Every structure is written in C-alpha cells, then in structure tokens.
Amino acid sequence: MKNLTLLLFFVLLLTSFSSPEVQRKLIRQNGYDIECYVVLEEINNFDNNKMYYWFRNSKVHNSMARAGGFVLHGEFKKFYRSQQLAENGFFEYGLKEGEWRSWYLNGKLKSYSEWWDGLKHGEYVEYDSLGNKVIEGRYKRNNKHGEWINYLNKDTLKYKRGEIKIEKPDSLKKPGFFKRLFSSSKKDSLNPKNDTIHKNGFFKRLFSKKQRNETSPEKKQDTTQHINFFQRLFGNKKSSN
C-alpha cells in the first residue's frame, strides 16, 4: 500500500510538470456563449505571421505575433443563445490546432478546416445552410494549394503556394525534344526528293558539262582542222602520181 501511494505521488508530480496549469472560462461575447481554457502563465515566445488567441477582461481577443493576456489552450466551444453549437476546435498555446468546425443556427455544418501550428494546413470545405458544398480545396501552410472547386460558379482553379496556376493550351506548348527529333526524321523520310535533288543536280551538271564540251564550236573547229590537214596531205600525194 505504501509503494502504491509513492507511485501515485510521482505520477502526479510528473504530470504537474509536463502539463501547464489551465483554467476554465465561461464568457458571453457578441451574442455567443463561449467555453474555453487558458494557460495561467506568461508566454513570451511568439512566431511572426501567426494569429494568437488570448483572454483578458472577460473577452477573447486575437492578434498577430503577440498576446496581451492569457493564451487559450485546450478545447474551445462557442454556442448560439439557443445552445446550438456554433464553433468547436482546439488551441495549443494560443494557436489553432487540428480539426475546426462551425455550424449554422439550424445545426447544419457551415465549414470544416484543418490547422497545424496556427496555420491552415489540409482540407477546407464550406457549406450553405442547406448542407450543400459551396467551396472545397486544400491549404498548405496557410496558402491555397492544389485544386479548388467552387460549386456555385461551377468553376475549378489550380493553385500553387497561394498563386493561381495558368496552364497554356496544348496548341501553344512546345513539343518535347524526342517529338521534334522524330517529327524531323519523319519529314525527311516522307520527302525523299531531298537526296535525289542533290544527286540529280550533281549528275545533271556533270553530263551537261560533257554535252556542252562535245557540241562546243572549238571542238568542231579542231576536228575540221584535222580533216583538212589529211585531205591536203593525201590529196597532194594523189596529185603527184
């Protein structure tokens, strides 16, 4: 029994050091009833570009990169005056964490979002008051990323790190290296005149040269000179006899 008591004492001691001291708060603010928890210690380490939620003077406040009171830590619930749940999620040292949901007054789901370390990161969906999807997409470190669908406008956009990706139409896309390579070889194979034109041009010039040489007047003159010489030679011998 004594050993069991010591064990329980050490467990309580460890848990008291591992988890911060929190306090439950019940608030009525802007027409809503809020149930939340706050850390009863001062937090000084804040990250830039992150929204912190904190409690002071019976109100929940939020500000970038700082807190002016006790930061929210643990489950957060916000109710309509009818006690219908309006919003539910979790805080971790002032930052939203995990799954967050909100509802319409009629009980229909209004939105679903996923958070990581105070940033929207993951699935995001919006609904109308009848329960139909209005917008659906994903966030990556607080930036829209991937395919986003607007069901009202029947429109789909693609994002990359928060910027819309504009894709070129297929007609404007340049063909790849292998496509250009094979298309050029295909053109050459379909147009055999290229090689024959060069070859025909070469042989045509060669034979036309020969033909011009054979029919040139200089050649004719040389042959007539040889004929006149032999005629005179043999003609003189014949006359001497």
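Residues numbered from 1 in each chain as written. Predicted model: local features only at pLDDT ≥ 70, side-chain atom pairs only at ≥ 80, totals over all residues. Heavy atoms only, no water.

The protein chain appears in an unreviewed UniProt entry as MORN repeat protein from Mesonia maritima.

To continue, consider the pattern of salt bridges. Tallying each qualifying case throughout the model produces 9 salt bridges. The salt bridge partner of D47 is K50, with a shortest N-O separation of 3.2 Å. With relative accessibility at 9%, the residue K50 sits in the buried group. Among the ionic pairs, K78 bridges to E87, the shortest N-O distance being 3.3 Å. Taken individually, K78 and E87 each receive the classification buried, so the pair is uniform in this respect. (Salt bridge = Lys/Arg side-chain N within 4 Å of Asp/Glu carboxyl O. Buried < 20%, exposed > 50% of the residue type's maximum accessible area, 1.4 Å probe, protein only.)

The next subject is the packing of aromatic side chains. Summed over the entire model, instances satisfying the criterion amount to 10 aromatic pairs. Each ring, one from Y32 and one from Y80, has its centre 5.5 Å from the other, and the planes form 45 degrees; the classification is tilted. Of this pair, Y32 sits in strand β2 (residues 32-39) while Y80 sits in the loop between β6 (74-79) and β7 (85-92), placing them 48 residues apart in sequence. Classification of Y80 by relative accessible area gives buried; the value is 16%. Through a chain of ring-to-ring contacts, three or more aromatic side chains come together here, namely Y53, F76, F91 and W100. In this structure, K78 packs its charged tip against the face of Y32, placed 4.6 Å from the ring centre. Note that K144 overlies the ring of W148, its terminal NZ or CZ placed 4.6 Å from the centroid. (Phe/Tyr/Trp six-rings, centres within 6.5 Å; stacked < 30°, edge-to-face > 60°. Helix = DSSP H or I, 4+ residues; strand = E, 2+ residues; numbered from the N terminus. Lys NZ or Arg CZ within 6 Å of the ring centre and 35° of its normal.)

This part covers the nonpolar core. With 12 residues, the main nonpolar core is built from I27, I34, C36, V38, Y53, F55, V60, L72, F76, F91, W100 and W115. Sorting the residues of this core by element identifies β2 and β3 (51-56) as the ones contributing at least two each. Ranked by residue count, the leading element in this core is β2, at 3 residues. Every residue in contact with F91, bar those within four places of it in the chain, is listed here: Y53, L72, H73, G74, F76, K96 and W100. (Core = buried A, V, L, I, M, F, W, Y, C linked by side-chain atoms within 4.5 Å. Contact = heavy atoms within 4.5 Å.)

The phi dihedral of N57 is positive, around 55 degrees, even though this residue is not glycine. Tracing the chain through its elements places N57 in the loop between β3 and β4 (59-64). Given the relative accessible area of 64%, N57 is considered exposed. Not every positive phi belongs to a glycine, and R161 is a case in point at roughly 55 degrees. Relative to the helices and strands, R161 resides in the loop between β14 (155-160) and β15 (163-164). Overall, R161 belongs to the exposed group, its relative accessible area being 61%.

So, about the sheet that holds strand β5 (residues 70-71). Pairing is antiparallel across the open sheet formed by 3 strands, whose spatial order is β4-β3-β5. Because the sheet does not close on itself, it has two edges, and the strands there are β4 and β5. (Pairing = 2+ DSSP bridges.)

Take the pairing of β7 next. Judged from the 6 bridges that link them, β6 and β7 form a sheet pairing that is antiparallel. Across the sheet, F79 pairs through a bridge with L85, a residue of β7. The turn linking β6 back onto β7 is made up of 5 residues, and Q83 within it adopts a positive phi angle of 70 degrees. With 5 bridges joining them, β7 and strand β8 (residues 95-103) adopt antiparallel strand pairing.

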